[in-house]
Structure formats: structure tokens, C-alpha cells
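Residue-level structural notes
Chain by chain, the residues run as shown.
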Amino acid sequence: MIGLASEPHHAWLEKHGVLPVTYGPGTAVRIREASGGRVDAFIDTIGEGYVALAVELGVRPARIDTIRDWKAATEIGAHTYGEGAAASAVVLGELARLAARGRLEVPIARTHPPEAVQEAFRALERRHTHGKIVLRP
Ligand SMILES: NC(=O)c1ccc[n+]([C@@H]2O[C@H](COP(=O)([O-])OP(=O)(O)OC[C@H]3O[C@@H](n4cnc5c(N)ncnc54)[C@H](OP(=O)(O)O)[C@@H]3O)[C@@H](O)[C@H]2O)c1
């Protein structure tokens with residue numbers, strides 16, 4: 001499995017069994033090198049042209065999922081399975097089982113008091129948060 005991230009997050013990905021690749025100019029070339037030229041599926045959590053990139057890499061629309069780019073997904077017939085698709089007792093039960101077994105890790109990037117909610121949103125908007133931002137009442 002390959003994961004796109006900036007270099008400060010590569011070690012974390014490696015520790016979790018993911019081959020890290022830096023995003024930015026040349027992403028397609030780096031993914032091809034890392035995958036040996038064969039990419040079977042693509043999950044896009046960012047938007048910004050990743051659905052088109054997946055198509056460029058030869059991934060079939062049925063094997064592409066985006067939680068951001070509904071327009072591109074509609075155009076090519078890719079999936080848009082996001083939290084709506086996972087909001088069921090079955091999925092929540094599975095997540096609880098994984099958490100209980102220590103198999104589901106949810107890093108807390110930072111916590112803020114409610115009066116610092118603007119600061120929390122500014123951090124979120126920068127889009128380099130490693131984990132969740134928690135407002136602590
Ligand atoms: N449809 C749904 O059901 C659903 C549900 C929840 C969230 N969302 C959406 O999903 C997105 C992800 O949410 P999130 O909570 O994970 O927060 P986020 O702040 O959008 O994601 C942060 C991560 O994105 C990485 N990143 C930033 N720019 C990137 C790029 N150009 N290419 C690849 N990776 C990049 C950062 O990595 P580095 O720090 O290493 O740069 C960071 O780890 C948000 O846009 C949110 O609106 C959709």
C-alpha cells in the first residue's frame with residue numbers, strides 16, 4: 001500500500017506498513033516508481049485532481065473512491081463512499097472491535113478550549129494536521 005504525505009509524516013506511514021510517497025509536482029512518476037507501474041485502487045481524501053491522477057495511473061473508475069471530488073466522480077463513474085456510507089451500526093461495531101484490539105489508532109493532533117475554536121479551525125484549514133483536533137469543554 002502506498003500513501004501520499006509530506007516528508008515529516010513518512011516515518012509514521014512506514015511504521016504502519018505503508019510505503020510513503022511525497023505529493024506535489026511529479027507525484028504520478030513517484031507513484032509509478034513505487035508501485036512498479038501497477039496501481040489497482042485509489043482512495044482520494046483531498047480532491048485537487050487526484051481522481052484524474054488515478055485515471056492517469058490506469059485505475060478503473062470502479063476502483064476509485066473520493067470523499068471530496070463528487071464532480072470528477074460523477075463524470076467518470078467513480079465511488080463517493082464517505083462517512084455517510086459508513087454510518088451504520090455494523091461499521092461502528094467493527095470500529096469498536098478494532099479499537100478494543102488496539103488495531104485502530106486515532107491520533108489526537110492538538111486540543112483546544114472552546115474559546116479557542118477559531119485557532120482550531122485555522123489549524124484545520126492549513127490541512128497538515130496529523131490526527132484529530134479536539135475541542136475540550
Ligand atoms: N465525504 C466525507 O464523508 C468526508 C468525511 C470527513 C472528511 N471529509 C473531507 O476529507 C478531507 C480530509 O479531512 P481530514 O480530516 O483528513 O483533514 P485534512 O486537513 O484535509 O487532511 C490533512 C492531511 O492531508 C494531507 N494533505 C494535505 N494536502 C495534500 C495533498 N495535496 N496531497 C496529499 N495529501 C495532502 C496532509 O499531509 P501532510 O501533513 O503530510 O502534508 C495531512 O495529513 C477534508 O477535505 C474533509 O472535508 C469528507
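The paragraphs below set out a description of the structure included in this document. Once a new chain begins, its residue numbering starts again from 1 and follows that chain's sequence as written. Owing to the predicted nature of the model, reporting of local features is limited to residues with pLDDT of at least 70; listing and counting of side-chain atom pairs is limited to 80 or more, with chain, interface and lining totals taken over all residues. Excluded from the side-chain calculations are hydrogens and water; all other atoms, namely the structure's heavy atoms, are used.

1. Some words on the pairing of strand 6 (residues 132-135)
Relative to strand 6, strand 5 (residues 108-112) runs parallel, the two sharing 4 bridges. Bridging from a neighbouring strand, Ile-108 pairs with Lys-132 of strand 6. When the strands point away from the viewer, a crossover counts as right-handed if the path from the first strand over the helix to the second runs clockwise. The helix count covers DSSP runs of H or I at least four residues long, the strand count covers runs of E at least two residues long, and both are numbered beginning at the N terminus. In this fold, strand 5 hands off to helix 7 (residues 117-126), which returns the chain to strand 6; that crossover is right-handed. Here, strands pair whenever DSSP counts at least two bridges between them.

2. Re the nonpolar core
Residues Ile-31, Phe-42, Leu-53, Leu-57, Val-59 and Ile-64 are the most contacted members of the largest nonpolar core, which totals 15 residues. Every element with two or more residues in this core is listed here: helix 2 (27-35), helix 3 (50-56) and helix 4 (70-76). Broken down by element, the residue count for this core peaks at 4 residues, all from helix 3. Not counting residues within four places of it along the chain, the set of residues in contact with Leu-53 comprises Thr-27, Ala-28, Ile-31 and Phe-42. Working definition of a nonpolar core: buried Ala, Val, Leu, Ile, Met, Phe, Trp, Tyr and Cys residues. They are joined through side-chain atoms within 4.5 Å. Note on classification: 1.4 Å probe, protein chains only; a residue is buried when its accessible area is under 20% of the maximum for its type, exposed when over 50%, partly exposed between these limits. Throughout, a residue-residue contact means that at least one pair of heavy atoms, one from each residue, lies within 4.5 Å.

3. Comments concerning the site of the ligand
Close to the ligand lie 17 residues; Ser-6, Tyr-23, Tyr-50, Glu-83 and His-128 are nearest. Polar contact is the term for a pair of N or O atoms within 3.5 Å; when the atoms are in protein, one must be able to donate a hydrogen and the other to accept it, and sequence-neighboring residues count only if both atoms are side-chain atoms. Within the backbone of Ile-67, one N or O atom sits 3.1 Å away from a nitrogen atom of the ligand. Note that accessible areas follow from Shrake-Rupley with a 1.4 Å probe, and for residues the cover is restricted to the protein chains shown. Contact with the protein chains covers 71% of the free accessible surface of the ligand, which is 920 Å². Each residue is assigned to one of three groups, with Ala, Val, Leu, Ile, Met, Phe, Trp, Tyr, Cys and Pro labelled nonpolar, Asp, Glu, Lys and Arg labelled charged, and all others, Gly among them, labelled polar. Of the residues in the shell around the ligand, the class split is 7 nonpolar, 6 polar and 4 charged. Any residue with a heavy atom positioned within 4 Å of a molecule or strand is treated as near that molecule or strand.

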